[in-house]
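Structure assessment
Here is what each chain is made of, one letter per residue.
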Amino acid sequence: MPDQLFTDMLHDTRDLIWAPTEQVRHRGRQRTRRTRIVAGLAGVVAVAVVATGAVAFAGGPDAAPPLPPATGSPTPTPTPTPTPSATPSTAPNATGSPNPTGSPSTKGTPSSPAKTSGRPTDGSTDRSIPAAAMLQLADLPAGFRNSGSDLDGDWTLESVTIYCGNRSPSITPGEVARRGVSFDSPTSSMTERVTRHSGGNAATAMDRVRELVTGCRPARAGDSLSILATGLAGDESLMVGSSIDGRQSRWLFVRQGDLVAQVWLAEEPTPDEAKPYARKVAARLCTATPTC
């Protein structure tokens, strides 16, 4: 007796019209292609999902921000709004009056001294030395010419103190101004320096000159420094001579008021020959001091 299952299948399929074999094969090939395409699309989608997740993960706090689109001009930086300053205090200062600036009062605090030329005032408004206080060509023999102002060099009395074995005092105490002038001739030269001193320091300067000369202890045998004459002109005057390594030098010192002139004489004159120069120096100094 045939199986019931086969009986049912025969009953259900006896009226079916079967497609040709070639058509069945064609449909099978189409189904196979569709399956491959769907599988390929599924793989692409999976890759895209993984890439999107990686980008999202990279966009965390440590990721660099994306570059802004190019606009052709830099984006202006927003200007910060200034924080309003506190209202100045109007508390009264040490004087009892309001202090509108809010700054601490400086009453009772010593202020910095004003910048000056460094010269003491001593009641005088002008401590400079005018050109008229210096020797002029008219005071010198013919043939001399003005060769400028010489305040440096080794012509001064101070320059020979290196040959003294002891320490020499400064001869410009309280100096507040100085001026120089030099003259040359074919056979001689002369240099003058005038200094102005504060208070009674001009007289102290003359005392220092005497102290320097009389107190010098020559370091070498045969050298000497001495006062050759006094009272040649002005309020005070000295003529000083030196002999250093056989070379002779002469200086005139003349004081008028708070001015002291030092003149180097290259001709090595005697005191009598130097007196006319001392008098002309004193006369010139009188144009710059009221004591004459």
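Throughout, a residue's number is its position along its own chain's written sequence, starting from 1. Only residues with pLDDT of at least 70 get local features here, since the model is predicted, and only at 80 or more are side-chain atom pairs given and counted; chain-wide, interface and lining totals rely on the full set of residues. Hydrogens are left out, water is left out, and the side-chain values use all remaining heavy atoms of the structure.

**Some words on the overall build of the protein chain**
Note the threshold: Helix and strand assignments come from DSSP, with helices taken as H or I runs of at least 4 residues and strands as E runs of at least 2, each series counted from the N terminus. For each residue, the accessible area found with a 1.4 Å probe, counting protein chains only, is set against the maximum for its type, and the residue is called buried under 20%, exposed over 50%, and partly exposed in between. Note on definitions: a residue-residue contact is assigned when non-hydrogen atoms from the two residues lie within 4.5 Å. Residue burial considers only the protein chains on display, and all accessible areas are found by Shrake-Rupley using a 1.4 Å probe.
What the protein chain contains, in helices and strands, is four helices and seven strands. Listed by position from the N terminus, the elements making up the protein chain come as α-α-β-β-β-α-β-β-β-β-α. Looking at the protein chain residue by residue over its 292 residues, the buried ones come to 28%. The long-range share in the protein chain, meaning contacts at least 24 apart out of those at least 6 apart in sequence, stands at 61%. A total accessible area of about 19500 Å² is found for the protein chain, and carbon and sulfur atoms account for 57% of it.

**Concerning the environment of His197**
Put simply, the rule is: Any N or O atom pair separated by 3.5 Å or less is treated as a polar contact, with the protein-specific requirement of one donor-capable and one acceptor-capable atom, and with residues adjacent in sequence counted only for side-chain atom pairs.
Note on placement: His197 falls in strand β3 (residues 189–197). For His197, a relative accessible area of 0% gives the class buried. In this structure the C-alpha to C-alpha distance between His197 and Gly174, which are 23 residues apart in sequence, comes to 5.0 Å. In this view, His197 contacts Arg127, Ile171, Thr172, Pro173, Gly174, Glu175, Val176, Ala202, Ala205, Asp258 and Val260; residues no more than four positions away in its chain are not counted. A distance of 2.8 Å separates a polar atom in the side chain of His197 from a polar atom in the side chain of Thr195.

**Quick notes on the confidence of the model for the protein chain**
The criterion, for reference: Confidence of the predictor at the level of single residues is captured by pLDDT, which takes values from 0 to 100.
Per-residue confidence for the protein chain averages 74 on the pLDDT scale, and 57% of its residues sit at or above 70. This model gives residues 44–125 a pLDDT under 50, and the stretch forms 32 contacts once residues within four places in sequence are excluded.

**Observations regarding the side chain of Arg250**
Using the following cut-off: Positive charge is attributed to Lys and Arg, negative charge to Asp and Glu, and no charge count is given to His or to the chain ends. One speaks of a salt bridge when a side-chain nitrogen belonging to Lys or Arg is within 4 Å of a carboxyl oxygen belonging to Asp or Glu.
Note that Arg250 resides in strand β6 (residues 247–256). Here Arg250 sits buried without a salt bridge, and the closest side chain of opposite charge, Glu268, lies 5.4 Å off (N-O distance). Excluding residues that lie within four positions of it along the chain, Arg250 makes contacts with Leu228, Met239, Val240, Gly241, Ser242, Val263, Trp264, Leu265, Glu268 and Pro269.

**Some words on the pattern of salt bridges**
A side chain of one charge can pair with a side chain of the opposite charge if their charged atoms are brought near each other. A full pass over the atoms with the stated rule returns 10 salt bridges. Two residues, Arg178 and Glu175, come together in a salt bridge whose shortest N-O distance is 2.5 Å. The class for Arg178 is partly exposed, based on a relative accessible area of 35%. Owing to a relative accessible area of 27%, Glu175 belongs among the partly exposed residues under this scheme.

**A word on the state of the cysteines**
Applied cut-off: Cysteine sulfur pairs qualify as disulfides if the two atoms are within 2.5 Å.
The tally for this structure, following the rule as stated, stands at two disulfides. At a sulfur-sulfur separation of 1.9 Å, the disulfide partner of Cys164 is Cys216. Judged by the torsion about the S-S bond (-100 degrees), the Cys164/Cys216 disulfide is left-handed. Of this pair, Cys164 sits in the loop between β1 (145–148) and β2 (175–184) while Cys216 is found in the loop between α3 (201–215) and β4 (224–230), placing the two residues 52 residues apart along the sequence. No difference in accessibility class separates Cys164 from Cys216, as the two residues are buried. Disulfide pairing places Cys286 opposite Cys292 at an S-S distance of 1.9 Å.

**Topic: α3**
To be explicit about the condition: Take the residue count of a helix, subtract one, and multiply by 1.5 Å to get its expected span. Along the arc lie the directions from the helix axis toward the C-beta atoms.
Look at α3: 20 Å from first C-alpha to last across 15 residues, which is about the 21 Å you get at 1.5 Å a residue. All buried positions along α3 are accounted for by Ala202, Ala205, Met206, Val209, Leu212 and Val213. Looking straight down α3, one finds that the buried residues subtend no more than 120 degrees of arc, so they occupy a single side. Next to the buried residues of α3 lie β3, β4, β5 (236–244), β6 and β7 (259–265).

**What about the pairing of β2?**
What counts here: Strand pairing is defined by DSSP finding a minimum of two bridges between the two strands.
Pairing geometry for β1 and β2, over three bridges, is antiparallel. Among the inter-strand pairings, Asn146 is bridged to a residue of β2, identified as Phe183. For β2 and β3, the ladder comprises nine bridges, and the chain directions are antiparallel. Residue pairing across strands places Ala177 opposite Arg196, the latter belonging to β3.

**Considering the pairing of β4**
Pairing of β4 with β5 involves six bridges; the strand directions are antiparallel. The residue bridging Ala229 from the neighbouring strand is Met239, located in β5. With antiparallel pairing between neighbouring strands as the criterion, β4 and β5 make up a hairpin whose turn holds five residues, including Gly231 at a positive phi of roughly 65 degrees.

**Details of the sheet that holds β7**
Rule in force here: Only the contacting stretch of a helix is used when fitting its axis, a line to C-alpha atoms as for every element, and angles between N-to-C directions run 0 to 180 degrees.
Spatial ordering of the open sheet is given by β1-β2-β3-β7-β6-β5-β4, a layout of seven strands whose pairing is antiparallel. Strands at the two margins of the open sheet, each flanked by one partner only, are β1 and β4. Taking the axes of each pair of neighbouring strands and ignoring which way they run, one obtains an average angle of 25 degrees across the sheet. Its contacts with the sheet place α3 against β3, β4, β5, β6 and β7, and it is angled at close to 30 degrees to β5. The strands touched by helix α4 (residues 271–285) within the sheet are β3, β4, β5, β6 and β7, with β6 carrying the most contacts at an inclination of about 35 degrees.

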